[in-house]
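# Descriptive analysis of the structure
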Amino acid sequence: MKTLKTFALVFSTVALFTSCSDDDNKATPVNEEEVISTVKVTLTNGANVITLIQRDLDLDGPNEPVITGGTLQANTTYTGVVQLLNETEDPIEIVSEEIEESDKEKRDHQFFFAAIPSLLGTFSYTDEDSNGNPIGLNFTFTTGAASTGDLSVILKHLPNKSAPNVSSGDITNAGGSTDAEAIFPITIE
């Protein structure tokens, strides 16, 4: 009889923990990274508007991204805007709005720009987070002399913005993970 009572007590306890565990031990929702299928960079100088686009609708699928480059004027300063899109959704999701609308997201992200070769031009940030560190959704690009090359745009998540030279746009010490990367062919005339 004592064994039967012990068995009943153990069985009841196991049943109680099992019934509670479904509610108490549910997986906490993970804040998944946003899907970025498209990186769009708009460069404007007066009426001269150049739109650079890298679109990868199958994401990491077998198809290569479709890339649209552009032609810029030599020795000219352009106002730049980066837009990140998820074009695999209907309607299209504007992913960059999350960074624009949240101070935490602004602190957690930074774009890095490079002209390859560097003679193509220089970049300056025109936006910053609440700590005074750059973000890069808005920037200026000043072109150099006539030449051809590439414009690289990399978005880092959780970069070390206080590391040496990171606030001036040097990705070397930034760390963090890469959320998006695009390389656009450009011609400067």
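For the structure itself, consult the block above.
Description of the structure in this document. (Residues numbered from 1 in each chain as written. Predicted model: local features only at pLDDT ≥ 70, side-chain atom pairs only at ≥ 80, totals over all residues. Heavy atoms only, no water.)

### Focus: the pairing of strand β1 (residues 38–45)
Remember that side chains alternate between the two faces of the sheet whenever the strand is regular. Pairing of β1 with strand β2 (residues 48–55), which is carried by eight bridges, proceeds in the antiparallel orientation. Among the inter-strand pairings, L43 is bridged to a residue of β2, identified as I50. The antiparallel hairpin formed by β1 and β2 contains two residues in its connecting segment, where G46 sits at a positive phi of about 60°. Pairing between β1 and strand β5 (residues 77–86): seven bridges, direction antiparallel. In the strand pairing of β5, V41 is matched with V82. (Pairing = 2+ DSSP bridges. Helix = DSSP H or I, 4+ residues; strand = E, 2+ residues; numbered from the N terminus.)

### Some details on the nonpolar core
Within soluble globular proteins, side chains that are nonpolar tend to cluster in buried spots. Membership of the largest hydrophobic core comes to 33 residues, with the highest contact counts inside it found for V41 and L43. Of all the elements in the fold, those that place two or more residues in this core are β1, β2, β5, β7 (109–116), β8 (121–125), β9 (138–143), β10 (147–157) and β11 (177–188). Looking at which element gives the most residues to this core, the answer is β11, with five residues. Excluding anything up to four places from it in sequence, V41 contacts I50, T51, L52, V81, V82, F139, V153 and F184. (Core = buried A, V, L, I, M, F, W, Y, C linked by side-chain atoms within 4.5 Å. Buried < 20%, exposed > 50% of the residue type's maximum accessible area, 1.4 Å probe, protein only. Contact = heavy atoms within 4.5 Å.)

### Re the layout of surface pockets
Here the second largest pocket defines a volume of roughly 240 Å³. If you trace the second largest pocket, you find 13 residues lining it, with I36, S37, D56, L59 and D179 closest to the centre. When residues of the lining of the second largest pocket are assigned to their parent elements, the largest contribution, three residues, is made by β11. For the lining of the second largest pocket, a count of residues per class yields five nonpolar, two polar and six charged. (1 Å grid on protein atoms, 1.4 Å probe; cavity = no way out; pocket = protein on both sides within 12 Å on 5 of 7 lines; lining within 4 Å. Points joined across faces, edges and corners; volume = space filled by probe spheres on them. Nonpolar A, V, L, I, M, F, W, Y, C, P; charged D, E, K, R; others polar.)

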